[in-house]
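Each chain is listed here by its residues.
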Amino acid sequence: MGSFNSLVLNNFNNSKIVSVMLVKNTNNTKDSTIRSSNDPKTIKDLITYLKQFRLAQYNGKYTSANNYSYDIVFYTNKKDERIGISVTNDNYIDVAVETTKTYHLLFFNWYNNINSYKSYKIVNGKINYNFLDSILNSIQD
């Protein structure tokens, strides 16, 4: 259990998030609205919103509460680094982290590719779909 910041964002301490892609899937992903932005305010608003949540790792099953879902993908200034967040139920999020940690050993660099996928239950609230809709609608095509 921990905050969104400690469980997810701490994997990217040495990186800067430079863009975000927001996808709203409706009617079981047959219809999608996809928008991307590199606007610092949009990125900051989304990260600030997600940082409020306390999460507990969840290994059970849950069902979609709506006929739509959201995918949020944050990209960093480093190649092949990203955080993917899927929201299919307002009480749970799935987080996929892809990053590389570098260790310096004498004259060598050792790279450890980290690809993790975890589900979390939100223990101090739930996802506000109206907020995600407003962010999505604020991004210009």
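All of these numbers come straight from a predicted model, not from anything done at the bench.

## Quick look at the side chain of Ser69
- Here Ser69 is to be found in strand β5 (residues 68-76).
- In this structure Ser69 comes out as buried when scored by relative accessible area, which is 11%.
- In contact with Ser69, other than residues within four places in its own chain, are Val23, Lys24, Asn25, Val87 and Thr88.

## What to know about the side chain of Asn25
- Residue position: Asn25 is located in strand β2 (residues 17-26).
- Among the polar contacts made by the side chain of Asn25, one reaches the side chain of Ser32 at a distance of 2.8 Å.

## Comments concerning the packing of aromatic side chains
- This structure, assessed with the given rule, holds five aromatic pairs.
- Between Tyr49 and Phe131, the aromatic rings sit 4.2 Å apart at their centres with planes inclined by 25°, giving stacked as the arrangement. Here Tyr49 is found in helix α2 (residues 40-51), whereas its partner Phe131 is found in helix α3 (residues 129-138), with 82 residues between them in sequence.
- Looking at Phe131, the relative accessible area reads 22%, which means it is partly exposed.
- Where Tyr58 meets Tyr92, the ring centres are 4.8 Å apart and the plane angle is 50°; that geometry is what we call tilted. A residue pair is termed long-range when its members are at least 10 positions apart, and Tyr58 in the loop between β4 (54-57) and β5 and Tyr92 in strand β7 (residues 92-105) qualify at 34 residues.
- Since its relative accessible area comes to 23%, Tyr58 is described here as partly exposed.
- Of the aromatic side chains, those joined through ring pairs into one cluster are Tyr49, Phe53 and Phe131.

## Section: a nonpolar patch on the surface
- A cluster of nonpolar side chains, Leu105, Leu106, Phe107 and Phe108, forms an exposed patch at the surface whose accessible area comes to about 610 Å².
- Checked against the element boundaries, Leu105 lands in strand β7.

## Regarding α3
- All of the buried residues in α3 are Tyr129, Leu132, Asp133, Ile135 and Leu136. Buried residues in α3, looked at end-on, bunch into an arc of 160°, giving them a common side. Turned more than 90 degrees away from the buried face of α3, the exposed residues are Asn130 and Asn137.
- Against β2, β3 (31-37), α2, β5 and β6 (82-89) lie the buried residues of α3.
- Measuring from the backbone nitrogen of Asn130 back to the side-chain oxygen at the start of α3 gives 2.9 Å, which picks out Asn128 as the cap.

Basis of the calculations
- Each chain has its residues counted from 1, following the order in which its sequence is written.
- In keeping with the model being predicted, local features are shown solely for residues with a pLDDT of at least 70 and side-chain atom pairs are shown and tallied solely at 80 or more, while totals for entire chains, interfaces and linings include all residues.
- In computing side-chain values, all of the structure's heavy atoms are included and hydrogens and water are not.
- Comment: elements are numbered from the N terminus, with helices defined as DSSP H or I runs of at least four residues and strands as E runs of at least two.
- Relative accessibility thresholds used throughout: buried, under 20% of the residue-type maximum; exposed, over 50%; partly exposed, between the two (1.4 Å probe, protein chains only).
- We call two residues contacting when some pair of their heavy atoms lies within 4.5 Å.
- Here a polar contact means two N or O atoms within 3.5 Å. Within protein one must be a hydrogen donor candidate and the other an acceptor candidate, and residues neighboring in sequence count only if both atoms are side-chain atoms.
- Any two rings among Phe, Tyr and Trp, with Trp reduced to its six-membered ring, count as a pair given centres within 6.5 Å; such a pair is stacked if its planes are under 30 degrees apart, edge-to-face if over 60, and tilted if neither.
- Any residue with relative accessible area above 30% and no salt bridge may belong to a patch, with like charges joined within 9 Å and the nonpolar Val, Leu, Ile, Met, Phe, Trp and Tyr side chains within 5 Å.
- Computed by Shrake-Rupley with a 1.4 Å probe, the accessible areas treat only the displayed protein chains as cover when residues are assessed.
- Salt bridges are defined as contacts in which a side-chain nitrogen from Lys or Arg sits within 4 Å of a carboxyl oxygen from Asp or Glu.
- The directions considered for the arc run from the helix axis to the C-beta atoms.

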